[in-house]
Amino acid sequence: MDILKVGDQEKAACDNCAAFVTATYKLRDVPFSDGSGIVKQVLVGVCEQCDNVCVLPHQSTPVVKRALEKQRKSVEGRIPAHMVDILNLASAEVGCGTDFVQYIVKYYVHSLASKDISSKQLANYLKSDLAKGKAEKRISLKGRHIVKDMVELKALTRLDKTSDLIKSVILKINDDILQKKSPKSLNALRGVAAVFG
Amino acid sequence: MGFKKIKAQVIDCLNTGKVRHEQRGDINVKNLLATGAVTAVQVAAAIGSARGYDYECSPHHYDPKIQVHIIMTVNGGKRWYIKWYFLEPNTVFISVHE
């Protein structure tokens with residue numbers, strides 16, 4: 001592994017100067033391009049002319065990875081036990097084990113929040129018999145986008161309680177995957193399973 | 001430089017850690033190698049499996065003497081888009097996407 005030190009200099013492309021410039025390696029707090037956070041005190045190459053961060057040495061990637069992992073937030077809720085069974089059966093329907101459950105829920109939350117799947121009927125699921133039952137089980141969803149997706153879906157559905165929203169999403173999954181066995185939904189989840197399952 | 005030599009050079013850089021990631025004032029979260037989401041070994045395997053028809057190149061906007069290399073290939077069940085240039089003795093990655 002090629003190791004650089006603070007103060008080392010190299011040629012690098014600077015987007016701000018639109019030219020190849022001399023970059024000096026410095027420790028900087030650098031934001032992520034999606035605005036989701038900051039990597040603190042990471043070694044980066046800084047343009048000598050305009051002070052723009054223009055290069056990241058490969059030795060800094062573990063620091064970037066750790067910063068990204070730290071900001072993975074979780075959404076938690078309590079649900080009746082039969083809803084866990086619904087998710088496990090849906091996962092089996094896709095050909096996966098129980099580890100895949102969180103990906104199914106996250107896929108649905110994201111697709112509903114981004115309007116790829118209509119969320120109009122989501123609140124109606126809470127009126128069904130399957131929505132009843134003592135919430136004895138805990139569900140935890142972790143990821144970089146789940147919090148944002150949940151906020152957007154709450155705004156779309158006007159369901160303010162996280163547990164209610166998760167319950168309605170699970171009942172939507174039950175409707176699509178276990179009851180209707182929708183080929184479109186199953187194929188989409190099989191695509192997700194091919195990558196993460 | 002022929003495609004085989006280009007592949008050999010970039011794979012050698014990946015194996016020896018002579019790797020840089022181009023940034024534009026922030027950390028590009030879409031560059032999976034820069035964020036540690038994929039390893040240098042995985043990227044080297046993807047590049048190693050690429051064929052000539054998976055490859056194209058064009059001059060860098062800031063310096064036409066520098067060639068920007070692009071590989072779009074499938075490896076390990078994943079579609080890869082890898083874009084880089086050489087700044088001797090290093091390889092500078094612009095994009096490593098799946």
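Residues numbered from 1 in each chain as written. Chains lettered and ligands numbered in written order. Predicted model: local features only at pLDDT ≥ 70, side-chain atom pairs only at ≥ 80, totals over all residues.

Trainee: Sorry, what's going on with the overall build of chain B here?
Mentor: The secondary structure content of chain B amounts to 2 helices and 5 strands. Along chain B, from the amino end to the carboxyl end, the secondary structure elements read α-β-α-β-β-β-β. Relative to its full complement of 98 residues, chain B shows a buried share of 32%. Residue pairs at least 24 apart in sequence account for 51% of intrachain contacts in chain B once pairs closer than 6 positions are excluded. (Helix = DSSP H or I, 4+ residues; strand = E, 2+ residues; numbered from the N terminus. Buried ≥ 20, exposed ≤ 12 C-beta atoms within 10 Å, placed from the backbone. Contact = placed C-beta atoms within 7 Å.)

Trainee: Sorry, what's going on with the confidence of the model for chain B here?
Mentor: Close inspection of predicted coordinates is inappropriate in any region flagged by low pLDDT. Taken over all residues, the pLDDT of chain B has a mean of 95, while the share at 70 or more is 100%. Reported confidence for the predicted complex is 0.95 by ipTM and 0.65 by pTM. (pLDDT = per-residue confidence, 0-100.)

Trainee: Explain the nonpolar core to me, please; I cannot follow it from the model alone.
Mentor: A general trend in soluble globular proteins is that nonpolar side chains are found buried together. The biggest cluster of nonpolar side chains holds 37 residues, and the ones touching the most others in it are A12, A23, V44 and C54 of chain A together with V43 and I82 of chain B. If sequence neighbours within four positions are ignored, C54 of chain A has contacts with A12, A13, C14, D15, A23, G45 and C47 of chain A together with Q23 of chain B. Counting 33 residues, the second-largest nonpolar core is a separate cluster that includes V75, Y107, A113 and I173 of chain A. (Core = buried A, V, L, I, M, F, W, Y, C linked by C-beta atoms within 7 Å.)

Trainee: What am I meant to see in the interface of chain A and chain B here?
Mentor: Chain A puts 29 residues into the contact, and the matching count from chain B is 21 residues. Elements represented by at least two residues in the side of chain A that touches chain B include exactly β1 (9-14), β2 (19-31), β3 (38-47), β4 (53-57) and α1 (61-70) of chain A. Split by residue class, the side of chain A that touches chain B holds 19 nonpolar, 5 polar and 5 charged. Across 3 bridges, the pairing between β4 of chain A and strand β1 (residues 19-22) of chain B is antiparallel. Across the sheet, the residue bridging to L56 of chain A is H21 of chain B, located in β1 of chain B. (Nonpolar A, V, L, I, M, F, W, Y, C, P; charged D, E, K, R; others polar. Pairing = 2+ DSSP bridges.)

Trainee: Would you take a moment to explain the sheet that holds β1 of chain B for this structure?
Mentor: Strand pairing in a sheet is mediated by backbone hydrogen bonds. Such pairs are either parallel or antiparallel. Across the sheet, which stays open at both edges, the 9 strands sit in the order β1(A)-β2(A)-β3(A)-β4(A)-β1(B)-β5(B)-β4(B)-β3(B)-β2(B) with mixed pairing between neighbours. Among the strands making up the open sheet, the edge pair consists of β1 of chain A together with β2 (55-59) of chain B. Neighbour-to-neighbour, the strand axes of this sheet turn through a mean angle of 40°, independent of strand direction. Bridge count between β2 of chain B and strand β3 (residues 67-75) of chain B: 5 bridges; the pairing is antiparallel. (Axes fitted to C-alpha atoms, helices over the stretch in contact; angles between N-to-C directions.)

Trainee: Just to check I follow, could you spell out the environment of A8 of chain B for this structure?
Mentor: Relative to the helices and strands, A8 of chain B resides in helix α1 (residues 3-16). As a C-alpha pair, A8 of chain B and G48 of chain B span 40 residues in sequence and 8.1 Å in three-dimensional space.

Trainee: Hey, could you run me through the environment of G95 of chain A in this one?
Mentor: Among the structural elements, G95 of chain A can be located in the loop between α2 (81-94) and α3 (101-113). For the pair G95 of chain A and R190 of chain A, spaced 95 residues apart in sequence, the C-alpha separation works out to 7.9 Å.

Trainee: Is there a simple way to think about the pairing of β4 of chain A in this case?
Mentor: Along a regular strand, successive side chains alternate from one face of the sheet to the other. Residues and elements named next belong to chain A. Counting buried residues along β4, 5 of its 5 residues qualify, which places the element largely inside the surrounding structure. Direction of pairing for β3 relative to β4: antiparallel, over a ladder of 2 bridges. Bridge pairing in β4 links G45 to V55.

Trainee: Would you explain unusual backbone geometry in this entry?
Mentor: Across the chain, the bulk of peptide bonds are trans and the bulk of non-glycine residues have phi less than zero. With an omega of 5°, the peptide bond between E88 of chain B and P89 of chain B qualifies as cis. By the secondary structure assignment, P89 of chain B is in the loop between β4 (78-87) and β5 (90-97). Unusually for a residue other than glycine, Q41 of chain A sits at a positive phi of about 45°. Relative to the assigned elements, Q41 of chain A resides in strand β3. Phi at K181 of chain A takes a positive value of approximately 45°, unusual for a residue other than glycine. As for its position among the elements, K181 of chain A is in the loop between α5 (162-179) and α6 (183-196). A tally of 10 C-beta atoms within 10 Å means that K181 of chain A is categorised as exposed.

Trainee: I tried to follow the packing of α2 of chain A against α5 of chain A on my own but got confused; where do I start?
Mentor: Helix-helix packing is described using two parameters, namely the angle between the two axes and the distance between the axes. All names here are of chain A. Following both chains from N to C, one finds α2 and α5 inclined at 40°, their axes separated by 10 Å at the closest point. What the angle tells us is that α2 and α5 run oblique. Once α2 is placed against α5, the crossing between them reads as left-handed. The segment α2 lies against α5, with M83, I86, L87, L89, A90 and E93 engaging K167, I170, I173, N174, I177 and L178. In the contact of α2 with α5, the residues fall into 9 nonpolar, 1 polar and 2 charged. (Parallel < 35°, antiparallel > 145°, perpendicular 65-115°, else oblique. Left-handed = near helix turned anticlockwise from the far one by under 90°.)

Trainee: Please explain helix α2 (residues 40-49) of chain B as it appears in this structure.
Mentor: One full turn of an α-helix is made of 3.6 residues, so residues set three or four places apart face in the same direction. Residues and elements named next belong to chain B. Residues of α2 that are buried: V43, A46 and I47. All buried residues of α2 fall inside an arc of 95° around its axis, so they share one side. Of the surrounding secondary structure, the elements contacted by the buried residues of α2 are α1, β3, β4 and β5. (Arc of directions from axis to C-beta.)

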